Amino acid sequence: MIKLTSTEPGHISTETLIIPVCPDHDLYRSPVIRSLARQALGLKTFQGEKGEDLSLYQPADIKAKRLLFVGLGRHSDLTPERFRQAAGQGIRLSQHAAKGDAVLMVPDGDQDDSLAREDLLAAMAEGALLSNHCPNNYKSEHKIQALKSIRLHTDTAMARKSQTALKRIDAICRGTLQARDWINQPANEKTPDQLARRMAQAARRHGVKATILDEKKLQRLKMGALLAVGAGSAHPPRLLILEYTPPKARGTIALVGKGVTFDAGGLNMKPTGSIELMKIDMAGAAAVAASVIAIAEIGARQRVVGVIPLAENMVSGNAFRPGDIVRAYNGRTIEIGNTDAEGRLILADALAYAAKHYRPQTMIDMATLTGACVVALGEKIAGLFSPDDHLRDIVEQSGCDVHERCWPMPLPEDYQELLKSDLADMRNIGPGRWGGAIVAALFLSEFTGKTRWAHIDIAGPAYHKKALPYGQPGATGFGVRLLCRTIASLQGEKR
Ligand code: BES
Ligand code: ZN
Ligand code: ZN
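In this text, all values refer to a predicted model and were calculated from it rather than measured experimentally.

Asker: Whenever I open this one, the coordination of the zinc ion (ligand 3) confuses me. Can you help?
Answerer: Geometry sets the ideal angles at a metal, namely 109.5 degrees for four tetrahedral donors and 90 or 180 degrees for six octahedral donors. Listed as protein donors to the zinc ion (ligand 3) are Lys258 (NZ), Asp263 (OD), Asp281 (OD) and Glu342 (OE); their distances from the metal cover 1.9 to 2.5 Å. Relative to the metal, the 6 donor atoms surrounding the zinc ion (ligand 3) lie at angles of 77 to 174°, and the coordination shape comes out octahedral. In the primary structure, the donors to the zinc ion (ligand 3) are separated according to the pattern K-x4-D-x17-D-x60-E. Taken as a pair, the zinc ion (ligand 3) and the zinc ion (ligand 2) lie 3.2 Å from each other and share Asp263 as a ligand. Of this pair, Lys258 sits in the loop between strand S9 (252-257) and strand S10 (259-263) while Glu342 sits in the loop between strand S13 (333-335) and helix H9 (343-358); the two residues are 84 residues apart in sequence, bridging distant segments of the chain. Grouping residues by exposure puts Lys258 and Glu342 together as buried.

Asker: Explain the site of ligand 1 here, please?
Answerer: Neighbouring ligand 1 are 15 residues; Lys270, Asp281, Asp340, Glu342 and Gly371 lie closest to it. Here Lys258 contributes a side-chain N or O atom positioned 3.2 Å from an oxygen atom of ligand 1. Compared with its free state, where it exposes 520 Å², ligand 1 has 75% of that area covered by protein. Of all the cavities here, the one that holds ligand 1 is the largest pocket. Per-class residue counts for the shell around ligand 1 are 4 nonpolar, 4 polar and 7 charged.

Asker: In this structure, what is going on with the pairing of strand S8 (residues 238-244)? I would like to understand it.
Answerer: In regular strands, side chains alternate between the two faces of the sheet. When you tally the buried positions in S8, you get 7 out of 7 residues, the bulk of the element. Burial along S8 is two-sided: Arg238, Leu240, Leu242 and Tyr244 facing one way and Leu239, Ile241 and Glu243 facing the other are all buried. Summarising the sheet, strand S7 (residues 209-213) and S8 pair through 5 bridges and their orientation is antiparallel. Note on S8: the bridge partner recorded for Lys209 is Glu243.

Asker: I keep staring at unusual backbone geometry and nothing clicks. Help me out?
Answerer: With glycine set apart, most residues show a phi of negative sign, and most peptide bonds adopt trans. The phi dihedral of Lys222 is positive, around 65°, even though this residue is not glycine. One can find Lys222 in the loop between helix H6 (215-221) and helix H7 (224-230).

Asker: Explanation requested: the nonpolar core in the structure shown.
Answerer: In this structure, Trp182, Leu242, Leu255 and Ile456 are the most contacted members of the largest nonpolar core, which totals 55 residues. Sorting elements by how many residues they give to this core places helix H8 (residues 283-298) first, with 12 residues. Among residues more than four places away in sequence, those in contact with Ile456 are Ile364, Asp365, Met366, Ala367, Ala382, Gly383, Leu384, Val395, Cys406 and Leu482.

Asker: Can you help me understand the sheet that holds strand S12 (residues 325-327) in this one?
Answerer: Sheet strands pair via backbone hydrogen bonds, and the direction of the pair is either parallel or antiparallel. The 3 strands are arranged S12-S13-S17 in an open sheet whose pairing can be described as mixed. Lying at the two open borders of the sheet, with one neighbouring strand each, are S12 and strand S17 (426-427). As paired elements, S13 and S17 share 2 bridges and run parallel to each other. Bridge pairing in S17 places Glu335 opposite Arg427.

Asker: Which parts of the structure should I look at to understand the pairing of strand S18 (residues 452-457)?
Answerer: Counting buried positions along S18 gives 6 out of 6 residues, so the element sits mostly inside the fold. Side chains Arg452, Ala454 and Ile456 project from S18 onto one buried face, and the interleaved Trp453, His455 and Asp457 project onto a second face that is buried too. Pairing analysis gives 6 bridges linking strand S14 (residues 362-367) to S18, with the strands arranged parallel. Opposite Thr362, over in S18, you have Arg452 as the bridge partner. As paired elements, strand S15 (residues 382-385) and S18 share 3 bridges and run antiparallel to each other. Across the sheet, Gly383 pairs through a bridge with Asp457, a residue of S18.

Asker: So what exactly am I meant to see when it comes to empty space enclosed by the protein here?
Answerer: Where empty space is left can be seen by rolling a probe of water-molecule size over the atoms. The tally for this structure, following the rule as stated, stands at 1 cavity of 30 Å³ or more. One number sums up the size of the largest cavity: a volume of about 50 Å³. For the lining of the largest cavity, the leading source of residues is helix H1 (residues 31-42), giving 4 residues. Within the lining of the largest cavity, the residues separate by chemical class into 7 nonpolar, 1 polar and 2 charged.

Asker: Please clarify how the coordination of the zinc ion (ligand 2) should be interpreted in this entry.
Answerer: At this site the zinc ion (ligand 2) is bound by Asp263 (OD), Asp340 (O), Asp340 (OD) and Glu342 (OE), with donor distances of 2.0 to 2.2 Å. In primary-sequence terms, the residues that donate to the zinc ion (ligand 2) follow D-x76-D-x1-E.

Asker: What exactly am I supposed to notice about the pattern of salt bridges here?
Answerer: Any two side chains of opposite charge can pair if their charged atoms end up close together. Applying the stated rule across the entire model yields 25 salt bridges. When the shortest N-O distance is used, the salt bridge between Glu126 and Arg84 registers 2.7 Å. Residue Glu126 is found in helix H3 (residues 117-131), and its partner Arg84 is found in helix H2 (residues 80-94); the two are separated by 42 residues along the sequence. One exposure class covers both Glu126 and Arg84, and it is buried. Here Asp155 makes a salt bridge to Arg117, at a shortest N to O gap of 3.1 Å. Separated by 38 residues along the polypeptide, Asp155 in the loop between strand S6 (149-153) and helix H4 (156-184) and Arg117 in helix H3 bring together distant segments of the chain. For Asp155, a relative accessible area of 22% translates into the label partly exposed. We classify Arg117 as partly exposed; its relative accessible area is 22%.

Each value, and the rule that gives it
Residues numbered from 1 in each chain as written. Chains lettered and ligands numbered in written order. Predicted model: local features only at pLDDT ≥ 70, side-chain atom pairs only at ≥ 80, totals over all residues. Heavy atoms only, no water. Donors = N, O, S within 2.8 Å, 3.2 Å for Na, K, Ca; no water. Tetrahedral: all angles 85-135°; square planar, octahedral: opposite > 155°, others 65-115°. Helix = DSSP H or I, 4+ residues; strand = E, 2+ residues; numbered from the N terminus. Buried < 20%, exposed > 50% of the residue type's maximum accessible area, 1.4 Å probe, protein only. Near = heavy atom within 4 Å. Polar contact = N/O pair within 3.5 Å; in protein donor to acceptor, adjacent residues only side chain to side chain. Areas by Shrake-Rupley, 256 points an atom, 1.4 Å probe, with all protein chains shown as cover. 1 Å grid on protein atoms, 1.4 Å probe; cavity = no way out; pocket = protein on both sides within 12 Å on 5 of 7 lines; lining within 4 Å. Sits in = over half its atoms within 2 Å of the grid points. Nonpolar A, V, L, I, M, F, W, Y, C, P; charged D, E, K, R; others polar. Pairing = 2+ DSSP bridges. Core = buried A, V, L, I, M, F, W, Y, C linked by side-chain atoms within 4.5 Å. Contact = heavy atoms within 4.5 Å. Points joined across faces, edges and corners; volume = space filled by probe spheres on them. Salt bridge = Lys/Arg side-chain N within 4 Å of Asp/Glu carboxyl O.

Right under this line is the structure:
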């Protein structure tokens, strides 16, 4: 948990006092901090440029044991994201083998600042919380520990004003970290049933109703696509349903998340080089589950339902085959062209189920769906698809706000014929390689009925091999902040 403090900066007792600075602008009203920042900037080794840092130990006039300056770069270039990154950098550099603490100075701002102070404080809180997380460690010795306490320093009026916002941010960031933990967990510790139970337990702790449908129930419901994908695994599939219902709910939003706990590719098995990381193929499920839980903590006007299909895509004598024809929950038949295009199959059943059962006003799915989307947009930007321009704009803008970027992609009607099958209603892949992310999205669109829907392909940003400014190497938890912001924006929507 992050707290606010308004103690006079010189009197703050902490291990590390983190001070973000610009090379060309005074950011603090406190004369002590102002003069220390100027002294730091007077050194040749520190210019206050983006990414730079400087430590001073046992400084005079200051109770903190260490001052840590982090560079923000030029004042005119400041954005909320710069503050997230600087806060994240400061917290990371404050961590060590024992559970320490740090205080972050929030700039006071002045008249000519284009950034609102509350936005800046919110961004710093996010960066700090998200970087204060050490992924579950399977090593016997833990080197770096998360800080046990983080405080943000601001004046008393601002501190009072920011309490509620901070609670929201805390819940959403905890959700992001929870999603990261679930994703980072190895596949031998998260079979569909194990993951369903783990997510259900976390949800129930927050008053979210959780239901797990097992393979027998899925058979009775005729979820032929989800069952086919799970058929090759010793660990049968599940459908997890999470429901947050506020008093006097106004409408329903359904979130659907791809939960392939390991994607070996099935009989179209993935080669070495592509298979190793496929424990992350449930990142959409993790983002959806964590979002519903965070929403339950912060509240929403709508009912928010998470529909999460979980399956392991493996190879065995029971595995589904290329050429098989399966019947999805909505009755449509699908010819399997490639067993590695499994995400769209489990989503097909889940989308159809969510649309029919909950009749939501809005349905959003999130999935590590295609390598093609990573080719198109790289590892930091998600693909965004929606036939509804307004919904697409809301998601895109939410992505900008929280810096979980989404780029709008087309759903051209005339590409739909790429999914034609000679034998069944459709095939699960197109005839060639091109436009793979679009073809996958068009496939999903066959299962959404008339429901307003958006699809977010997070195959790129779900995971990062190297550390990011406010994330350790590994799962990013991408999507939790995006979905929470999108839901908040949808509440303000006039419809
Ligand atoms: N899980 C993969 C997509 C993926 C790729 C996720 C890279 C994360 C990183 C998905 O199930 C898949 O295998 N897609 C195939 C589809 C193809 C067979 C039409 C792909 O993208 O190659
Ligand atoms: Zn696959
Ligand atoms: Zn997959």
